[in-house]
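One letter stands for each residue in the lines below.
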Amino acid sequence: ISAVRQKTKLTSLRDCSLELVLNPLFTTTLNELILFYFFMTQLISVAPQISTQYPVVDHEFDAVVVGAGGAGLRAAFGLSEAGFNTACVTKLFPTRSHTVAAQGGINAALGNMEEDDWRWHFYDTVKGSDWLGDQDAIHYMTEQAPAAVVELENFGMPFSRTEDGRIYQRAFGGQSLKYGKGGQAHRCCCVADRTGHSLLHTLYGRSLRYDTSYFVEYFALDLLMEDGECKGVIALCMEDGSIHRFRAQNTVIATGGYGRTFFSCTSAHTSTGDGNAMVTRAGLPCQDLEFVQFHPTGIYGAGCLITEGCRGEGGILINSEGERFMERYAPNAKDLASRDVVSRSMTIEIREGRGVGPDKDHVYLQLHHLPPQQLAMRLPGISETAMIFAGVDVTKEPIPVLPTVHYNMGGIPTNYRGQVIDHVNGEDKVVPGLYACGEAASASVHGANRLGANSLLDLVVFGRACALTIAELHKPGEKLSPLRASAGEESVANLDKLRFTMQNHAAVFRTGPILKEGCDKMHDIYQTLDSIKTFDRGIVWNTDLVESLELQNLMLNAVQTIQGAEQRKESRGAHAREDFKDRVDEYDYSKPLEGQQKKPFEQHWRKHTLSYVDHKTGKVTLKYRPVIDSSLNEQDCAHVPPAIRSY
Amino acid sequence: MLSSFVAKRLLTGVCQAAWRPSIIGMVSSRGYRGDAPDGPQVDLIEIPLPPWVERADEPIDTKRRRLLYESRKRGMLENCILLSIFAKRYLNKMTYSQLQQYDRLINEPSNDWDIYYWATETYPTPEVYQVEVMEMLKEFTKNKNHEQRLDAPSLDYLDEEYQLDRS
């Protein structure tokens with residue numbers, strides 16, 4: 001038998017003469033959307049089908065949490081504390097979850113620096129979400145915030161303190177006093193510059209006291225669903241290649257975001273949207289995936305964040321003509337305009353052909369006109385990062401930068417109690433046994449745009465909410481409902497397919513030319529997923545296999561993101577389109593409401609996108625669900641009616 | 001001499017402030033130091049985490065494979081890129097004792113940022129990690145050849161057949 005071996009490699013996009021520009025603007029032609037996939041080596045060989053017998057271990061718990069970041073740990077700890085026998089399945093050691101990267105802080109209206117009210121925080125968050133956030137969930141989060149921070153403090157989290165020992169709070173973007181009329185608010189509580197790490201360390205330590213069972217370096221493959229109910233999770237143990245089925249009455253998904261679908265993102269290589277994909281494969285929807293937040297300056301390719309402080313110190317953005325182009329887009333603020341203005345300007349420059357580099361697909365951030373002592377003293381980290389990752393000496397050359405994906409507002413739709421919902425016959429319907437929290441979930445508190453320092457708050461509040469809801473509805477030691485013996489066989493079959501399937505041709509992952517019909521292209525690329533295969537046939541610590549599984553998960557997130565973006569014909573928050581520049585709400589809020597006709601649901605865009613994928617074909621179906629406009633208690637906290645968002 | 005040796009041994013691992021001379025002598029190896037503004041820092045907050053333990057009886061190949069995964073999957077992007085390229089360059093050539101050093105270096109510290117700051121020499125490396133592999137990592141991080149390190153490398157450098165076909 002002549003084994004036909006043909007390998008094609010999906011390398012980084014640099015290899016192709018493409019104008020692959022990551023961009024926050026989506027046009028009808030979508031030629032700016034870049035999707036970065038994990039590269040895969042594909043191998044064809046005419047090898048005999050190997051019999052696959054994986055040792056399978058079954059576990060029974062009261063609750064299983066997937067993911068051990070801030071949200072997962074808070075949920076696991078809350079459940080264990082309430083007496084539930086809890087398992088936490090994670091592909092990383094808990095203190096190595098992506099939460100550790102968070103250096104900002106947690107917003108809470110404690111009022112330590114000035115008089116504050118959580119209702120002002122509520123207003124800021126609703127406005128920040130561009131009225132796509134569900135106001136009941138935002139009410140819940142901002143009202144719980146002070147209690148959540150005090151609770152963390154009691155757990156031993158060493159917040160930075162003022163001289164009189166109270167928690168120090170600092171200013172952060174988008175936070176105001178008196179419903180936007182009282183100036184900058186100081187609500188961000190932090191632990192020096194390592195709030196994320198401190199949060200993980202504290203919660204992990206606490207959870208161990210209550211006997212949480214951690215399954216570290218286990219890759220969760222799929223949910224075990226039966227009759228529309230979630231009965232647990234099936235996972236692969238990386239250490240020995242065994243399959244583990246965790247049966248539990250309650251499953252909490254806290255797997256984080258999916259930044260890695262994009263060419264340039266600030267996320268670690270672990271942000272692969274595993275939870276979103278698991279939910280999609282179970283036939284459930286994901287919400288608002290097209291809302292992806294960008295930070296204007298990340299190192300081109302690497303994605304490492306270059307702080308705004310650079311521009312604050314005098315750094316300027318340059319195009320291929322050496323022009324300081326921000327002067328045209330924001331004559332007053334210039335390079336210090338707001339983030340989305342800067343991101344859009346950079347993108348327009350690139351699209352109009354004034355990008356730099358061999359592919360003209362990024363711009364430069366110039367710092368070498370600044371005195372070297374200033375650079376060394378004020379921006380030492382930047383000089384390092386630029387050298388380490390871009391090989392650039394900032395005293396001589398400019399840094400290649402690009403708007404970079406930073407956060408995913410969308411995710412698994414839940415109500416304010418953390419229960420996953422589906423939308424059937426025009427009504428929200430709770431999926432029994434399934435909960436979600438953190439960046440993986442969409443409660444939705446961030447709506448179309450997330451405010452800084454609200455994410456860590458989201459983690460702890462909704463992690464706790466999931467635990468509370470479970471404790472309210474269930475008791476520890478409840479008898480598990482029966483599960484068919486073959487549950488999880490599809491996941492195992494998928495593992496086999498990745499490792500052993502016979503193929504006759506190697507399909508090529510096309511990094512392809514300009515994505516003119518982005519959605520069609522994505523669809524074609526999705527079909528080629530069928531041919532991926534690992535070169536590493538082993539079962540112990542098989543990184544190739546894990547990265548292939550992550551690639552499958554990323555693809556599911558990617559197709560939903562691009563379809564949702566293509567369909568949404570408006571600009572709202574982080575979703576900005578050149579061809580549809582305005583927000584399309586049920587009324588035109590820039591004018592007085594009297595005399596206006598309310599647009600029917602189908603004709604406006606102030607609604608959540610729900611996307612479903614048939615994972616066998618890659619076909620995406622989109623549905624829409626209304627935004628929840630009323631708070632939990634109108635007496636206590638009136639909802640904020642939509643208005644034009646200006647700062 | 002002995003007591004300071006013992007004290008230093010007890011400080012291994014997680015403690016964020018392990019390198020700060022002022023806290024040598026404190027007991028817990030996983031104590032967490034708050035960052036309060038001024039004054040004598042007496043409140044060492046004890047959050048006991050189980051100490052990192054080296055895996056016993058792990059065959060060298062398994063260790064290498066595990067360390068590859070653990071190099072590529074880190075807490076933040078900077079470490080993901082740095083360590084995966086470092087692993088590509090050095091992991092397959094490391095001796096068993098170097099692998100042990102590397103294992104401890106990337107798995108014992110609880111804050112990934114620490115590893116980054118030590119590798120970039122932003123902060124001094126604690127003595128327990130001042131080993132051969134750390135020197136290799138620091139040298140590598142300096143990027144004297146001004147390479148562009150824009151992403152974690154594709155895994156095909158491990159695919160022997162692919163490498164053979166290419167040659």
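Numbering of residues starts from 1 in every chain and runs along the sequence as written. Following the order in which they are written, the chains are lettered starting with A and the ligands numbered starting with 1. Restriction of local features to residues with pLDDT of at least 70 applies here, the model being predicted, together with a cutoff of 80 or more for giving and counting side-chain atom pairs; totals for whole chains, interfaces and linings are based on all residues. Hydrogens and water molecules were not included; the side-chain quantities draw on all heavy atoms of the structure.

Participant: Can you help me understand the layout of surface pockets in this one?
Facilitator: Residue and element names in this part refer to chain A. Of the pockets and cavities examined, the second largest pocket occupies roughly 700 Å³. Within this scheme a cavity is a closed region of a 1 Å grid, computed over the protein atoms alone, that accommodates a 1.4 Å probe without allowing it to escape, whereas a pocket is open but has protein on both sides within 12 Å along at least five of seven lines; lining residues each have an atom within 4 Å of a point. Lining of the second largest pocket is provided by 24 residues; of these, Asp222, Arg281, Glu490, Asn494 and His615 occupy positions nearest its centre. Helix and strand definitions follow DSSP, with helices as H or I runs of at least four residues and strands as E runs of at least two, each counted in order from the N terminus. Residue assignment for the lining of the second largest pocket shows that the elements contributing at least two residues are β9 (218–226), α5 (274–281), α12 (489–500), α13 (518–528) and α14 (543–567). A per-element tally of the lining of the second largest pocket places α12 first, with 6 residues. Grid points are joined across faces, edges and corners, and a volume is the space filled by probe spheres set on the points.

Participant: Quick question: what am I supposed to make of the interface of chain A and chain B here?
Facilitator: When the parts come together, some accessible area is lost, and that loss is often what is quoted as the size of the interface. The interface of chain A with chain B comprises 66 residues on the first partner and 62 residues on the second. Just to be clear on terms, a salt bridge is a Lys or Arg side-chain nitrogen sitting within 4 Å of an Asp or Glu carboxyl oxygen. Linking chain A to chain B there are 6 salt bridges. Note that Glu239 of chain A is salt-bridged to Arg55 of chain B, the shortest N-O span being 3.0 Å. Whenever a nitrogen or oxygen atom comes within 3.5 Å of another N or O atom, the pair is scored as a polar contact, on the condition that within protein one atom can donate a hydrogen and the other can accept it, and that pairs from neighbouring residues in sequence are kept only if both atoms are in side chains. At the junction of chain A and chain B, the tally comes to 21 residue pairs in polar contact (both at pLDDT 80 or more). Put simply, the parts of the chain that give the side of chain A that touches chain B at least two residues each are α4 (195–209), α10 (380–390) and α14 of chain A. The dominant element in the side of chain A that touches chain B, judged by the number of residues it contributes, is α4 of chain A, at 8 residues. For this classification, the nonpolar set comprises Ala, Val, Leu, Ile, Met, Phe, Trp, Tyr, Cys and Pro, the charged set comprises Asp, Glu, Lys and Arg, and every other residue, Gly included, is treated as polar. Looking at the side of chain A that touches chain B residue by residue, the classes come out as 25 nonpolar, 23 polar and 18 charged. Contacts were defined at the residue level, with two residues in contact if any of their heavy atoms lie within 4.5 Å.

Participant: Honestly, the sheet that holds strand β16 (residues 399–408) of chain A in this entry has me stumped. Any pointers?
Facilitator: Adjacent strands of a sheet pair through backbone hydrogen bonds, lying either parallel or antiparallel. Residue and element names in this part refer to chain A. Whether two strands pair depends on DSSP finding at least two bridges between them. With antiparallel pairing, 4 strands are arranged side by side in an open sheet as β13-β16-β15-β14. The open sheet terminates on both sides in strands that have one partner only, identified here as β13 (292–299) and β14 (316–318). Looking at each pair of strands side by side, their axes are set apart by 45° on average, direction ignored. Along the sheet, helix α8 (residues 339–354) makes contact with β13, β14, β15 (363–366) and β16, crossing β13 at roughly 70°. A fitted line through C-alpha atoms represents every axis, and for helices the fit uses only the stretch in contact; the resulting angles, taken between N-to-C directions, go from 0 to 180 degrees. The strands touched by α10 are β13 and β16; relative to β13, the strand with the most contacts, the crossing angle is about 90°.

Participant: It is not clear to me how the confidence of the model for chain A should be interpreted in this structure. Could you clarify?
Facilitator: Low-pLDDT stretches of the model should not have their predicted coordinates read in fine detail. Residues and elements named next belong to chain A. What pLDDT reports is the predictor's confidence in each residue, on a scale of 0 through 100. In the predicted model, chain A carries a mean pLDDT of 84, and 89% of its residues have values of at least 70. Below a pLDDT of 50 lies the segment residues 1–51, which in the model reaches 185 contacts outside its immediate sequence neighbourhood of four places, other chains included. Here residues 501–516 is modelled with pLDDT under 50, and outside its nearest four sequence neighbours on either side it reaches 52 contacts, counting other chains as well.

Participant: How do you make sense of the packing of aromatic side chains when you look at a structure like this?
Facilitator: The geometry of an aromatic ring pair is captured by the separation of the ring centres together with the interplanar angle, meaning the angle of the planes. Residues and elements named next belong to chain A. Ring geometry is summarised as follows: Phe, Tyr and Trp rings, the Trp one being its six-membered ring, pair when their centres sit within 6.5 Å, and such pairs are stacked at plane angles under 30 degrees, edge-to-face over 60 and tilted between the two. Inspection of every chain in the model, using the stated rule, returns 25 aromatic pairs over all chains. A centroid spacing of 5.4 Å and a plane angle of 80° characterise the contact between Phe93 and Tyr204, whose relative ring orientation is edge-to-face. Separated by 111 residues along the polypeptide, Phe93 in the loop between β4 (86–90) and β5 (106–107) and Tyr204 in helix α4 bring together distant segments of the chain. Burial here depends on accessible area, computed with a 1.4 Å probe over protein chains only, as a share of the maximum for the residue type. Under 20% is buried, over 50% is exposed, and the range in between is partly exposed. A relative accessible area of 26% places Phe93 in the partly exposed class. Consider the rings of Trp605 and Tyr624, whose centres lie 5.4 Å apart with planes at 80°: the pair is edge-to-face. Placement of Trp605 in the loop between α14 and β21 (607–614) and of Tyr624 in strand β22 (residues 619–626) is noted, with a sequence separation of 19 residues between them. Note on accessibility: Trp605 and Tyr624 belong to one class, buried. Counting every residue linked through ring pairs, the aromatic cluster contains Phe61, Phe215, Tyr218 and Phe246. When the NZ atom of lysine or the CZ atom of arginine is within 6 Å of a ring's centre and also within 35 degrees of its normal, the charge is said to sit over that ring. Geometry around Tyr407 places Arg450 over its ring, the cationic atom sitting 4.3 Å from the centre. In this arrangement the basic side chain of Lys607 is found over the ring face of Tyr624, its NZ or CZ atom lying 4.8 Å from the centre.

Participant: Can you walk me through α4 of chain A in this structure?
Facilitator: Helical geometry note: an α-helix holds 3.6 residues per turn, so side chains three or four residues apart project in the same direction. All names here are of chain A. By definition here, a helix of n residues has an expected span of 1.5 Å times n minus one. For α4, which comprises 15 residues, the first-to-last C-alpha distance of 22 Å matches the rise-based estimate of 21 Å (1.5 Å per residue) to within 8%. Where burial is concerned, most of α4 is hidden: 13 out of the 15 residues are buried. Downstream of α4 by one or two residues, Asp211 has phi in the positive range, about 70°.

Participant: What am I meant to see in the pattern of salt bridges here?
Facilitator: When the charged atoms of two side chains lie near each other, side chains of opposite charge can form a pair. All names here are of chain A. The tally for this structure, following the rule as stated, stands at 53 salt bridges over all chains. The partner of Glu472 in a salt bridge is Arg417, and the shortest N-O contact between them spans 2.6 Å. Remark: Arg417 occurs in the loop between β17 (412–413) and β18 (419–424) and Glu472 occurs in helix α11 (residues 455–473); sequence separation between them is 55 residues. Residue classification places Arg417 among the partly exposed residues on the basis of a relative accessible area of 23%. Taken together, the salt bridges that share partners define one network made up of Asp130, Glu290, Arg568, Glu570, Arg572, Arg583, Asp585 and Arg645.

Participant: Looking at this model, I keep getting lost on the pairing of strand β19 (residues 427–436) of chain A. Mind explaining?
Facilitator: Residues and elements named next belong to chain A. Two strands pair when backbone bridges link them, and strand β11 (residues 243–253) and β19 are joined in this way by 3 bridges, in the parallel orientation. Looking at β19, one finds that Val252 is bridged to Tyr435. With 5 bridges joining them, β18 and β19 adopt antiparallel strand pairing. Paired with Ile421 across the bridge in β19 is Val430. Count of turn residues in the β18/β19 antiparallel hairpin: 2 residues, of which Asn425 carries a positive phi of about 55°.

Participant: I keep staring at the environment of Pro413 of chain A and nothing clicks. Help me out?
Facilitator: If you trace the backbone, Pro413 of chain A turns up in strand β17. When residues no more than four places from it in sequence are discounted, the contact partners of Pro413 of chain A are Pro285, Cys286, Gln287, Gln419, Val420, Ile421, Ser442 and Leu610 of chain A.

Participant: Hey, could you run me through the pairing of strand β7 (residues 184–189) of chain A in this one?
Facilitator: Along a regular strand, successive side chains alternate from one face of the sheet to the other. Residue and element names in this part refer to chain A. In terms of strand pairing, β5 meets β7 through 2 bridges, oriented antiparallel. Paired with Asn107 across the bridge in β7 is Cys188. Taken together, the 4 bridges between strand β6 (residues 169–176) and β7 define a ladder with antiparallel strand orientation. Counted as the bridge partner of Gln169 is Cys189 from β7.

Participant: Teacher, can you tell me more about helix α3 (residues 135–155) of chain A here?
Facilitator: If you check α3 of chain A, its first and last C-alpha atoms are 29 Å apart, about what 21 residues at 1.5 Å a residue would give, namely 30 Å. Just beyond α3 of chain A, the residue with positive phi is Gly156 of chain A, at close to 105°.

Participant: Explain the UniProt feature "binding site: substrate" (unreviewed entry) in chain A to me, please; I cannot follow it from the model alone.
Facilitator: Residue and element names in this part refer to chain A. Here, UniProt's "binding site: substrate" (unreviewed entry) annotation points to His295, Thr307, His406 and Arg450. Take His295: it is sitting in strand β13. Under the relative-accessibility criterion, His295 is labelled buried at 2%. Excluding anything up to four places from it in sequence, His295 contacts Leu305, Ile306, Glu308, Arg339, Ser343, Leu402, Pro403, Thr404 and His406. By secondary structure assignment, the location of Thr307 is in the loop between β13 and α6 (309–312). Assessed through its relative accessible area of 38%, Thr307 is described here as partly exposed. UniProt positions are given in the numbering used here, feature names are shortened, and annotations may be inferred rather than shown by experiment.

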